[in-house]
Amino acid sequence: MSATATTSFAQERALREPREYSNYIDGEWVKSSSGKVFENRNPANEDDLVGTFQESNEDDLNAAVDAAHRAYDAWRLTPAPKRAEYLYRVGDILKRDKEKIAREMTREMGKVLDETKGDVQEAIDMAFLAAGEGRRLFGVTTPSELSNKFNMAVRMPLGVAGLITPWNFPIAIPAWKGMAALICGNTVVIKPASLTPLSVIMLAEAFEEAGLPKGVWNVVTGGGREVGDPMTRHEKVKVISFTGSTQVGRDISVACAPSFKHVHLEMGGKNVIMVMDDADVDLAVDGALWGAFGTAGQRCTAASRIVVHKKVYEQFVDKLAGRAKKLRVGNGLDANVDMGPNVSASQLKTVESYVQIGKDEGATCVAGGSALRDGDYAKGFFHQPTVFADVKRDMRIAQEEIFGPVTAVIPCDSLEDAIAIGNGVRYGLSSSIYTRDINKAFAAMRDMYTGIFYVNAPTIGAEVHLPFGGTKETGNGHREAGVAGIDVFSEWKSIYVDYSGSLQRAQIDTEDI
Ligand code: UN1
């Protein structure tokens, strides 16, 4: 971290004293009935208090759901193109405030400013995509088997949507879920991750400024047990969309089952880049570096495994280790920094424990391998970008999600071998191949059992107009963003209009030809 960055950071703090933020319920900023707040501190510098937030409870959640429920009828009856107008406005507001929101987000969760700007951009993209959908929301018309009868299927909103969102994409993921929910005619209660409540509050401020009717968008901050659990059990909440760990996703799924709530889950990943012997190795190294260490590896889509053909293995490992060692770690607001901190002390502890596991398992640590605690790093949760070589496919560091700046390089003999290693984990979010051979690219495209696949690009970089999500223990069969997100927040109603003036019995009054 440079001295310049520390100064501008201090100036920024002086400009904006930490304040207490409220919940946003029924169009009002209100405190929790608990009377308690929790702190949100900068993971790059614990002395920097970003703000205090309501430590909400079930009563607050109930108030928000009631407000969303009251707002539902008017909102669902607002024509979708009119609903879209609010989203266009929110997109414009986010565009205007992109830099300001990104800076606060970097303070909240640490990733570098370019990446938090990308996060806000993703929310803007999603606002405009969903707004455009307001003039489509395509259904189906189809002929009837009977004369003088008209058939169609239309999309219906579900009611109150409960969103439980993560800290790694603090505004993009709430936007993926929220914009899709709103354009379909649902009202929303969102519980942001306690590590990043401010980003969702800034999104609520944008909705407020856009004039969104009260009760349509509600924010309740607080813990999973106190706010998330009651949300999954609330009878007026009709759909839950969650992004987070597989363990919590499983609990949510179970909690939602008795009331048959719709549930969309987006969970863990153990994504893989496959580098073939005909690949452009330098391009693959560029991709691996970005895929593994972007957002300090704290992406569901992070490239935490790199399977490399043995003919180029040594060359690849040398180059990747060399580049990883050169990455500059520090405060994400410093323009000279490539990688920020881990989001919390406990996340750093997890990373350290996996690095130890990797060493104990006999993998070779060829770059990084330690937390950073001296000097400027003392007040944050920093870890070196870490590369393990000689990793075997069954080692824990090659199987378990670490969610930090650690990647495992595994040798392979062939494309088939790479695909077997690639698919040999519990998760199925993202995978990629580096090759110049189009046949190999297409075979891998077909055979990798993941929800997202890239050719000559890393495992990260999803765009909002395509479905996002994964197979196996990554998801529960749904996708978000794109038109797939509309599927999560709507359900079909099939409508038959008989204008024959007589009783026509389907399947019976049809003529045999
Ligand atoms: C995540 O990995 O948690 O594809 C979300 C990407 C981003 C979204 C990632 N657009 O890397």
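It should be emphasised that the depicted structure is a prediction, and the values quoted were computed from it without experimental measurement. (Residues numbered from 1 in each chain as written. Predicted model: local features only at pLDDT ≥ 70, side-chain atom pairs only at ≥ 80, totals over all residues. Heavy atoms only, no water.)

### Considering the domain arrangement of the chain
Domain annotation of the chain identifies domain 1 (22-41 + 49-267 + 475-493) and domain 2 (272-455). Taking only C-alpha atoms, the centre of domain 1 and the centre of domain 2 are 31 Å apart. Facing the 18 residues of domain 1 at the interface are 21 residues of domain 2. Carbon and sulfur atoms supply 64% of the area that domain 1 and domain 2 bury against each other, a total of about 1,500 Å² over both sides. Sorting the residues of domain 1 by area buried against domain 2 places Val 112, Glu 115 and Trp 167 first, and these three jointly supply 31% of that buried surface. Counting across the domain 1 and domain 2 interface gives one salt bridge. For Arg 299, the salt bridge identified is with Glu 115, shortest N-O distance 3.5 Å. In this structure, the connection of domain 1 to domain 2 is made through three residue pairs in polar contact (both at pLDDT 80 or more). Where the side of domain 1 that touches domain 2 is concerned, the elements lending two or more residues are helix H4 (98-109) and helix H5 (113-133). Per element, the largest residue contribution to the side of domain 1 that touches domain 2 is four residues, and it comes from H4. When the residues that make up the side of domain 1 that touches domain 2 are grouped by side-chain class, the tally is seven nonpolar, five polar and six charged. (Domains from an automatic or database assignment. Contact = heavy atoms within 4.5 Å. Buried area = accessible area lost by both parts, 1.4 Å probe. Salt bridge = Lys/Arg side-chain N within 4 Å of Asp/Glu carboxyl O. Polar contact = N/O pair within 3.5 Å; in protein donor to acceptor, adjacent residues only side chain to side chain. Helix = DSSP H or I, 4+ residues; strand = E, 2+ residues; numbered from the N terminus. Nonpolar A, V, L, I, M, F, W, Y, C, P; charged D, E, K, R; others polar.)

### Structural notes on the packing of aromatic side chains
As enumerated under the stated definition, the model contains nine aromatic pairs in all. Taking the centre distance of 4.5 Å and the plane angle of 45° together, the rings of Trp 176 and Phe 468 count as tilted. Separated by 292 residues along the polypeptide, Trp 176 in helix H6 (residues 172-183) and Phe 468 in the loop between strand S22 (452-455) and strand S23 (471-472) bring together distant segments of the chain. When sorted by exposure, Trp 176 lands in the same class as Phe 468, which is buried. Their ring planes at 40° and their centres at 4.5 Å tell us that Phe 207 and Trp 217 sit as a pair that is tilted. Pair noted here: Phe 207 is in helix H7 (residues 197-209) and Trp 217 is in strand S10 (residues 217-219), with a separation of 10 residues, a long-range link. Classification of Phe 207 as buried rests on a relative accessible area of 1%. On the basis of relative accessible area, Trp 217 is assigned to the buried category, the value being 1%. Pairwise contacts between aromatic rings join Tyr 21, Phe 38 and Phe 53 into one cluster. Positioned above the aromatic ring of Phe 169, the side-chain terminus of Lys 111 is 3.6 Å from the ring centre. (Phe/Tyr/Trp six-rings, centres within 6.5 Å; stacked < 30°, edge-to-face > 60°. Buried < 20%, exposed > 50% of the residue type's maximum accessible area, 1.4 Å probe, protein only. Lys NZ or Arg CZ within 6 Å of the ring centre and 35° of its normal.)

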